[in-house]
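# Residue-level structure breakdown
The lines below spell out each chain.
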Amino acid sequence: MTGMTSTERPLLNRRLAEFGTTIFAEMSALAVATGAINLGQGFPDTDGPEEIREAAVRALRAGHGNQYPPGPGIPRLRTAIAEHQLRRYGLSFDPDTEVLVTAGATEAIAAALLALVEPGDEVVALEPYYDSYAASIALAGGRRVPVTLRPHDGAFRLDLDELRAAVTDRTRLLLLNTPHNPTGTVLTRAELTAIAELAVERDLLVVTDEVYEHLVFDDAEHLPLAAFPGMRERTVTIGSAGKTFSFTGWKVGWVTAAPALVDAVRAVKQFLTYVSSGPFQYAVAEALALPDSYFEEFRRSMLARRDILAEGLTAAGFEVFRPAGTYFVTTDIRPLGEKDGFAFCRALPERAGVVAIPNAVFYDDRQAGAPFVRFAFCKREEVLREAAGRLRRM
């Protein structure tokens, strides 16, 4: 079997022809093969709160969620999501008609784009972007239109004029991510106000990926776009338990939006996983009800880890863009005499015993992302210090 049929038609759907094995799988395999410290893929190396893990065990033993849960998600979790949005942001959602539980944020993104985008529609997305965005747009038959965040004064910034210029009569949807992976940028109130005004003026839908909502640092604050004037009825907001509670393998995400938008996303989601993570849904409902002290301590612990890694990378000679959010640090390798992030990352496990991700995979214009490399700091502090030491000795 050569991967071709007798008619020489490729087996893989042509819309996905440009997408091979993800860089995360490649670099994680390199980490295993070399014994390197994996600062590539964004998963913690410790579990989240013990009481939440025990809540999942209790649900399993009690038979809660072991069979198919309700398609939209269990009522207890949908209520907990609505209460979280109200408590944190003053956003009121009906748990019965405006909340949908998904198999992680990745399914939520795919279902939203497949539901709302038709062939030929343009989707404006902030570049660099998480790789599943491009794949989901392609599956929907849409055309992605990147607006590039560019380095300026130690951070990656959005050019609002460039964003406005990217919107045409064919634009259906804006796809936003704040806090932004991989750059760590957090969109400001002024930027979000301008985005909201543009969406209303041009009658655009917006899908906003806010999975790092609880990981904002320094003077940054997370502001849901749905809370801005005119945005409540046109915004699909995506959240996730994995990043906030350090149980990424549970794959519990959600959508909050107006009823018509939730209905559209659910119509697709029911033919993807239908349902998932039954017992874990009960545990995540308890997690979302944790006191504010949990979320603040989580943020503080990640801030300390950010600083350990950022200072170590600076000492090793990288130019470091200290993130205002997420648990990733983007660096520029040109001060090290390097310019090709792919080659650098593929050699790094042997050279230094550390794995990172080349940011170029998140760009349509690979050259624009070529000198940038992303490191994850959602690891134990001693692991980050060891990684920093290895990089300094490189």
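Everything below is about the structure shown above.
Predicted model, so just to flag it, every value in this text is computed and none were measured.

Reading guide: rules and limits
- Residues numbered from 1 in each chain as written.
- Predicted model: local features only at pLDDT ≥ 70, side-chain atom pairs only at ≥ 80, totals over all residues.
- Heavy atoms only, no water.
- Helix = DSSP H or I, 4+ residues; strand = E, 2+ residues; numbered from the N terminus.
- Rg over C-alpha atoms; globule rule 2.2 N^0.38 Å.
- Buried < 20%, exposed > 50% of the residue type's maximum accessible area, 1.4 Å probe, protein only.
- Contact = heavy atoms within 4.5 Å.
- Areas by Shrake-Rupley, 256 points an atom, 1.4 Å probe, with all protein chains shown as cover.
- Lys, Arg positive; Asp, Glu negative; His and termini not counted.
- Charge placed at Lys NZ, Arg CZ, Asp CG, Glu CD.
- Patch = residues over 30% accessible without salt bridge, like charges linked within 9 Å, V, L, I, M, F, W, Y side chains within 5 Å.
- Salt bridge = Lys/Arg side-chain N within 4 Å of Asp/Glu carboxyl O.
- Expected span 1.5 Å × (residues − 1).
- Pairing = 2+ DSSP bridges.
- Axes fitted to C-alpha atoms, helices over the stretch in contact; angles between N-to-C directions.
- Phe/Tyr/Trp six-rings, centres within 6.5 Å; stacked < 30°, edge-to-face > 60°.
- Lys NZ or Arg CZ within 6 Å of the ring centre and 35° of its normal.
- Polar contact = N/O pair within 3.5 Å; in protein donor to acceptor, adjacent residues only side chain to side chain.
- Parallel < 35°, antiparallel > 145°, perpendicular 65-115°, else oblique.
- Nonpolar A, V, L, I, M, F, W, Y, C, P; charged D, E, K, R; others polar.

## Brief notes about the overall build of the chain
Of the regular secondary structure elements, the chain holds 14 helices and 15 strands. Here the chain has a C-alpha radius of gyration of 21 Å; the compact-globule value for 394 residues is 21 Å, and the two agree. With respect to the principal axes defined by its C-alpha atoms, the chain has extents near 55 × 55 × 50 Å. Counting every position in the chain, which comprises 394 residues, the buried fraction comes to 58%. Put simply, of all contacts in the chain between residues at least 6 apart along the chain, 74% involve residues at least 24 apart. Approximately 16400 Å² of the chain is accessible, and the part contributed by carbon and sulfur atoms is 50%. In the chain, 42 positive and 51 negative side-chain charges are present, and the distance between their average locations comes to 4 Å.

## Observations regarding a nonpolar patch on the surface
Among the surface-exposed residues, L114, L139 and L272 lie close enough to one another that they form a single nonpolar patch of about 220 Å² accessible area. Along the chain, the position of L139 falls in helix α5 (residues 131–140). A relative accessible area of 36% means that L139 is categorised as partly exposed.

## Some remarks on helix α7 (residues 189–201)
Look at α7: 18 Å from first C-alpha to last across 13 residues, which is about the 18 Å you get at 1.5 Å a residue. Inspection of α7 places E191, L192, A194, I195, A196, L198 and A199 among the buried residues, and these make up the whole buried set. Summarising the contacts, the buried residues of α7 are in contact with α6 (160–166), β7 (171–177) and β8 (205–209).

## Comments concerning the pattern of salt bridges
Considering all chains together, one arrives at 31 salt bridges under this definition. Residues R266 and D263 are paired through a salt bridge, measuring 2.8 Å at the closest nitrogen-oxygen approach. Placement of both R266 and D263 in helix α9 (residues 259–269) is noted, with a separation of three residues, approximately one turn of the helix. The class for D263 is partly exposed, based on a relative accessible area of 39%.

## Remarks on the sheet that holds strand β2 (residues 99–102)
Here we have seven strands laid out as an open sheet, ordered β2-β10-β9-β8-β7-β3-β4, and mixed in their pairing. With partners counted over all chains shown, the strands left at the sheet margins are β2 and β4 (143–148), one partner each. Looking at each pair of strands side by side, their axes are set apart by 20 degrees on average, direction ignored. In this structure, strand β9 (residues 235–240) lies alongside strand β10 (residues 253–256), joined through four bridges in antiparallel fashion. Considered in β10, the bridge of S240 is made with G253. Each of β2, β8, β9 and β10 is contacted by α9, which is oriented at about 25 degrees to β2, the strand it contacts most.

## Examining the packing of aromatic side chains
Applying the stated rule across the entire model yields 19 aromatic pairs. Pairing Y130 with Y133 gives two aromatic rings, centres 6.1 Å apart and planes at 80 degrees, and the pair type is edge-to-face. Feature note: the residues F24, Y130, Y133 and F362 constitute an aromatic cluster, connected by ring pairs. The ring of F295 carries the charged tip of R88 above its face, separated from the ring centre by 5.2 Å. Cation over ring: K379 sits above F43, and NZ or CZ is 3.9 Å from the ring centre.

## Here's the deal with the environment of M394
Structurally, the position occupied by M394 is in the segment after α14 (381–392). Its relative accessible area of 31% is what places M394 among the partly exposed residues. When the C-alpha positions of M394 and L348 are compared, they lie 8.9 Å apart, and in sequence the two are 46 residues distant. Beyond its immediate chain neighbours, meaning those up to four positions away, M394 contacts L336, F344, L348, R351 and A352.

## What to know about the pairing of β9
The buried count for β9 comes to six of six residues, which makes it a mostly enclosed element. By the alternation rule, side chains of β9 split into T235, T237 and G239 and V236, I238 and S240, which are all buried.

## A word on the side chain of E122
By secondary structure assignment, the location of E122 is in strand β3 (residues 122–127). Residue classification places E122 among the buried residues on the basis of a relative accessible area of 3%. A polar contact is formed between the side chain of E122 and the side chain of T168, at a distance of 2.8 Å. Discounting chain neighbours no more than four positions away, the residues touching E122 are R143, V145, A166, T168, R170, T171, R172 and L173.

## Comments concerning the packing of helix α1 (residues 23–34) against helix α12 (residues 341–352)
Taken N-terminus to C-terminus, the directions of α1 and α12 make an angle of 20 degrees; their axes are 8 Å apart at the nearest point. Taken together, the axes of α1 and α12 lie roughly parallel to each other. Contact residues: α1 offers I23, E26, M27, L30 and T34, while α12 offers F342, C345, R346, P349 and E350. Of the residues assigned to the contact of α1 with α12, the class counts are six nonpolar, one polar and three charged.

## Focus: unusual backbone geometry
In this chain, T178 is followed by P179 through a cis amide linkage whose omega measures -10 degrees. Despite not being glycine, D203 has its phi angle at roughly 55 degrees, a positive value. Positionally, D203 belongs in the loop between α7 and β8. The exposure class of D203 is exposed, given its relative accessible area of 59%. Positive phi outside glycine occurs at Y274, with the angle close to 65 degrees. As for its position among the elements, Y274 is in the loop between α9 and α10 (278–288).

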